[in-house]
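Each chain is listed here by its residues.
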Amino acid sequence: MAIPTLVVAMITGTTGVAASAAPGEQPANSGPGYFSAGSDRKVTLTGGADRRPDGSRAVSPRSAVDSTGAGLYVVELAEDPLTRYAGGVSGLTRTRPEPGTRLDVTSMPAQAYRRHLDAQRTAVAGAAGVEIKTAYTAAFNGFSARLTAQQATALRADKRVRAVTAAQALGTRTTSPGPTAATPTGAAGVAPPPTTGADRPEPGKPGKPGKPGKPAKPGPDTGAGMVIGVLDTGIWPESASFAKKMPPPAGWHGTCQTGVAFVAEHCNGKIVGARYFADSWLAYGGSVPEGEMLSPRDMVGHGTHTASTAAGLPLPNVTIDGRRFGPVSGVAPDAQIAVYKVLWGGTGYDADIIAGIDAAVADGVNVLNFSIGSELGDWEANTPIGIAFLNASLAGVFVAASAGNTGIVSGAISNAAPWVTTVGAAVTKLDEATLKLGDGTTLVGGSLDAMPDGASRPLVFGEQAGSLERWAAYCEPGSLDPAKIKGKVVACALSDLFGSVAEIKAKGGVGMVVFDPAGNYRINSIFNFPVVYLPTKKQAGTLFTYLMRHPTDATVSLRSGGDGSSVPGIPSVADFSSTGPDKVTLGVFKPDLVAPGSNIIAAVSPAGNFGRDYDAYSGTSMASPYVAGAAAILRAIHPDWSPGAVASALRTTATDTVGTSNPLDQGSGFINLAKATDPGLVIQPTAAELVTFSETAQPDGKELNLPAISLREYDGTRPVTLTRTLTNVGKARETYRSSVSGLDDMKVSVTPASVTLEPGKSATVTITVRRGNAPWDRYVTGSITWRGKAHSARIPVAARPWGISPRPYADDGEEYGRMVNGAFGALQPGFTGPLAGRSTGYTPMVRTAYSMPAGVDGGVFDPNATGVKKVDFTVPANTAGIVVEVNTDNPNANLDLYLYKGDTLIHRSDRSWTSAEQAYKFLPEPGRYTAYVFAQVPGGPVVNFELGHAIIGRNATYSAATLTVPRTAERGMSTNFTLKPNTPLPEGDVWGYTEWSTNGTVIPGNLVYTRRDAWE
């Protein structure tokens, strides 16, 4: 029997459109054997940027730069753009706006300085023989152009040029398994205006998101007078969320750029301006993707969704496919929206995005939302987009951006610049459904659909009800047999959910249970059909085991609601939300905070969403506009606040989520707009600090006056001293006293311990951080809070002392650099000074042969399934490490290994190409551990294998060995050592432990293995 492989969710730049094979198209490598482990099939939860609006594939633009170094580049010139120019050129006065004011591109100084920049740009391009594609002057001084490698080199050598960067492609970051786009209907291929709709998931009383209420009169607490610029896929102007005529606010210089199916009347004031940017896309793609329109019109849905989440109008009720979802309102319902379409089918080049930022700042937006990111987060600091956002921020524009949806990969944060508010996603509604299997097992999953009456119904696994060659296990279109599913609930492995639902409905099924063998993310969509999604690997294993044991008599009952067990609580950090820290800079803390981003109902483009006017998306793309709307309200209430003050207010007043207080996950916590309007204190960096950061090749950031502290690779042998400047933005004199929470075993002091501030006054405090007895090479987290009589301000702290291995990302359980070969061991110390070491010597790995009956070929892991062997180990206190290995001589088998402590997964090793798996834990807690060997592919009716384990004591004395190590260590420099056995070794692996010290400070070392042949 062919069974689904472990489905790995790969988050790409996405459009909210479901990924699947095009109609009539079969996935590559299809066939019965393809479901076994080792396949290359990857299921994308939301589809990719290569989906046309009709669901078929479109061609993405070519790479911006080819192998010869020729292609599209972004060239940044050395002189300041309009937003930053403070004078200095003879005859040209300052154009940088004063605090509390906006850039006026129509002023005489601005026009004169722009002419100067134009002349300089022309001269630079002319000297290099370059034709300018797009020019930037407001938020970025430079241009984009097609360059040869020689031209790029020549420009880099020009003193008038600051940087020359190859153009990069970016995309949206939604994780919803969104519907395949429908063909537009109505005049000119455009759907008629909707009559009802929604614009955000958490219906909110204007100015107080989270509770439904009647529309309030326009005012500061509804964002009146503010313009939110949305850099995205465009907008669907007919939506009821934007159906209000409004005059443009003072200082607005924008325009309504018409185009295909987009006329001047679509800019009704609520939509105060609209533009599109496609020069780079057209240069490398030739044309926009099929189904797209060369205009600000949104043919995908993502841009409409983010715009309405930030500033959609209050509506009494939203109906989707005939079901009512209640009243809705944008966070800042009276703010106005400026549209900057920079993505085409969900993807765009940074050269076009910079043009959008440049235009938005020149137009006079107050806030920018950027729900766009890189596939696995930022890889370098101070990118061209980052510099454009810096200049926007220095001109008074607040920037909110999505953190990314790669929660499965630690530290993959997008938009991590310190002047950007980087937003993670939170779950704020349960949206649960419960299924009860015929054996009485209850599983709680997620659903946005109405469930049947709870009566027991037949349940069938898709693979047992259709064609293996057509991917029946995934319920792919055309794969199921109507005679085998009519009147039944069908269980399907996660793939194209909308395609699976359509297949089941068409063949007479009455419901669908989706299980995710990879156990990645809890997400939902609206299917207008009973669908329950089981997001965890454990649930997938439980359901799969039941289906295999009941191939002909399985039953299930479905009901709406659950016991809350599908999430840690409300609000909690969404499991897809990218976690910190920022992997690019050591001293910048990301994400900044989290906001509602799961199952968000908002306005969309009917052309990209089955003809729906409103739909549910999930992703940090949805959380970012929530913060953008909140920032618009704060800017309206406090027009004199800088973007840094707004960011500080949002962060220092945020509250802990449920299930974690770890700032690596939640940043400062969950947004609390009501408190942010009156934070008492703000902590914000100066413009000079940010500019210095932006001009540093490898910036750190811990010196920035940010409302957070990140010490990712500090020298734990020495104290770290930082300063933070606190400013009273309240209306009264107030005394604030500092306190430290969390940061277990560390020593943290704040001097002075209390400060008394008059309104508008500031004080600088010194924060000293000492490692104390905190663990090396692991994060310790907590916070520092300043409490006054009427206010409190909290900043998160995350510190990881570098002992012997700098870790590139987060503290996710992986012990980088711990496992070394004693014949040529190496460590990379985080300190400079004398180095001494000791060793336990070597102990052999204990190996035992086992046999077990085969399970299901290519099955899903479940501790109680056939084809799983359970072996327990007792780990005593003061253990340096436990190592477990499995091997088999059967070349046709594929074994996986899982190490648990109780119900907690400690480590898993499930490579698809080998049965040689290894699981380990460094410095484990004492107690009972269980190793599970899972025959994902048994290779026969009986599975024979060998399981080995080593439990290495930290202070044990094993077979003697000689440790050779240099006498001194230098921070960051690789240091080699050997641990040579003094007597002949037995056959097989042996394990030991090394421990290091410097000036009396002990630092946990390595788990060291070797074999006899390494010394012969």
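Quick note: structure is the one above.
Here the structure is a predicted model, which is why all the values come from computation and not from measurement.

A. A look at the side chain of T137. Within the element layout of this structure, T137 appears in the loop between β4 (132–136) and β5 (142–147). Residue T137 is classed as buried on the basis of its relative accessible area, which comes to 6%. Within polar-contact distance, the side chain of T137 engages the side chain of R114 at 2.9 Å. Once residues within four sequence positions are removed from consideration, T137 is found in contact with P81, L82, R114, L117, D118, R121 and D358.

B. Region of the structure containing the nonpolar core. Judged by nonpolar contacts, the single largest core of 76 residues is most densely connected at L147, L155, Y340, I357, V365, L368 and F389. The dominant element in this core, judged by the number of residues it contributes, is helix α5 (residues 350–363), at nine residues. Apart from residues no more than four positions distant in its own chain, F389 is found in contact with L231, I357, L368, F370, V399, W419 and V420. Within the second largest apolar cluster, 72 residues are counted, among which are A425, I485, I504 and A630.

C. Summary view of the packing of aromatic side chains. Per the counting criterion, the structure on display carries 22 aromatic pairs. With a centroid separation of 5.9 Å and an interplanar angle of 50 degrees, the aromatic rings of F461 and F515 are classed as tilted. Highlighted residues: F461 in strand β20 (residues 457–461) and F515 in strand β22 (residues 511–515), separated in sequence by 54 residues. The pair F461 / F515 is uniform in exposure class, with both members buried. Aromatic side chains F515 and F544 sit 6.4 Å apart centroid to centroid with 55 degrees between the ring planes, which places their arrangement in the tilted category. Residue F515 is located in strand β22, and its partner F544 is located in helix α9 (residues 537–549); the two are separated by 29 residues in the primary sequence. The exposure class assigned to F515 is buried, which follows from its relative accessible area of 0%. Site record: aromatic cluster; members linked through ring pairs are F861, Y898, Y900, Y932 and F934. Taking NZ or CZ as reference, K583 lies 4.2 Å from the ring centre of W379, over its face.

D. Structural view of the state of the cysteines. Counted under the stated rule, the structure contains two disulfides. For C256, the disulfide goes to C267, at an S-S distance of 2.1 Å. Around the S-S axis, the bridge from C256 to C267 shows a dihedral of about 80 degrees and counts as right-handed. Within this pair, whereas C256 is found in the loop between β8 (227–232) and β9 (271–276), its partner C267 is found in the loop between β8 and β9, the two being separated by 11 residues in sequence. Look at C256 and you get partly exposed, because its relative accessible area is 22%. What connects to what in the protein, once the bonded cysteines are numbered by sequence position, is 1-2, 3-4.

E. Molecular detail of the pattern of salt bridges. Tallying each qualifying case throughout the model produces 34 salt bridges. Ionic pairing is found between D449 and R323, a salt bridge with its closest N-O pair at 4.0 Å. Linking D449 in the loop between β19 (442–446) and β20 with R323 in strand β11 (residues 323–324), this pair joins segments that are 126 residues apart in sequence. Its relative accessible area of 6% is what places D449 among the buried residues. The network of salt bridges with shared partners includes R847, E885, E946, D989 and R1011.

F. Representation of the pairing of strand β30 (residues 709–715) in the model. The buried count for β30 comes to seven of seven residues, which makes it a mostly enclosed element. Across five bridges, the pairing between β30 and strand β37 (residues 792–802) is parallel. In the strand pairing of β37, L711 is matched with A799.

G. Molecular detail of helix α10 (residues 620–637). In this model, α10 (18 residues) spans 26 Å end to end at C-alpha, consistent with the 26 Å of a helix rising 1.5 Å per residue. Counting buried positions along α10 gives 17 out of 18 residues, so the element sits mostly inside the fold.

H. Summary view of the side chain of E995. Within the secondary structure layout, E995 lies in strand β54 (residues 990–998). Relative accessible area serves as the criterion here: at 9%, E995 is assigned to the buried category. Polar contacts involving the side chain of E995 include one to the side chain of R954, which spans 2.7 Å.

I. Representation of the sheet that holds strand β50 (residues 942–953) within the structure. As summarised here, the arrangement of the four strands in space is β43-β50-β45-β48, forming an open sheet in which the pairing is antiparallel. Only two strands of the sheet have a single partner each, and these edge strands are β43 (846–853) and β48 (917–922). For this sheet the average axis-to-axis angle between neighbouring strands, irrespective of direction, equals 20 degrees. Direction of pairing for strand β45 (residues 879–887) relative to β50: antiparallel, over a ladder of eight bridges. Residue pairing for β50: V884 is matched across the bridge by H949.

J. Layout of the pairing of strand β23 (residues 531–534). Burial along β23 is two-sided: the residues V531 and Y533 and V532 and L534 are all buried. Here β22 pairs with β23 via four bridges, running parallel. In the sheet register, V514 faces β23, and the bridge partner there is Y533.

K. Region of the structure containing the environment of L92. Mapped onto the elements, L92 comes out in the loop between β3 (71–77) and α1 (108–128). In sequence terms L92 and Y113 are 21 residues apart; their C-alpha atoms lie 6.2 Å from each other.

L. Region of interest: the sheet that holds strand β51 (residues 961–964). The antiparallel open sheet is built from three strands, whose spatial order is β39-β53-β51. At either margin of the open sheet sits one strand with a lone partner, and together these are β39 (825–827) and β51. For this sheet, the mean inter-axis angle between neighbouring strands, taken without regard to orientation, is 25 degrees.

M. Examining the packing of α5 against helix α6 (residues 384–394) more closely. Contact geometry of α5 with α6 gives a least axis separation of 9 Å together with a crossing angle of 5 degrees. The angle between α5 and α6 falls in the class roughly parallel. Contacts from D350, I353, I354, I357 and V361 of α5 reach α6 at P384, I385, A388, F389 and A392. Among the residues forming the contact of α5 with α6, the class breakdown is nine nonpolar, no polar and one charged.

Calculation criteria
- Residues numbered from 1 in each chain as written.
- Predicted model: local features only at pLDDT ≥ 70, side-chain atom pairs only at ≥ 80, totals over all residues.
- Heavy atoms only, no water.
- Helix = DSSP H or I, 4+ residues; strand = E, 2+ residues; numbered from the N terminus.
- Buried < 20%, exposed > 50% of the residue type's maximum accessible area, 1.4 Å probe, protein only.
- Polar contact = N/O pair within 3.5 Å; in protein donor to acceptor, adjacent residues only side chain to side chain.
- Contact = heavy atoms within 4.5 Å.
- Core = buried A, V, L, I, M, F, W, Y, C linked by side-chain atoms within 4.5 Å.
- Phe/Tyr/Trp six-rings, centres within 6.5 Å; stacked < 30°, edge-to-face > 60°.
- Lys NZ or Arg CZ within 6 Å of the ring centre and 35° of its normal.
- Disulfide = S-S within 2.5 Å.
- Salt bridge = Lys/Arg side-chain N within 4 Å of Asp/Glu carboxyl O.
- Pairing = 2+ DSSP bridges.
- Expected span 1.5 Å × (residues − 1).
- Axes fitted to C-alpha atoms, helices over the stretch in contact; angles between N-to-C directions.
- Parallel < 35°, antiparallel > 145°, perpendicular 65-115°, else oblique.
- Nonpolar A, V, L, I, M, F, W, Y, C, P; charged D, E, K, R; others polar.

From the geometry alone we can't say anything about function, so treat these as descriptive.
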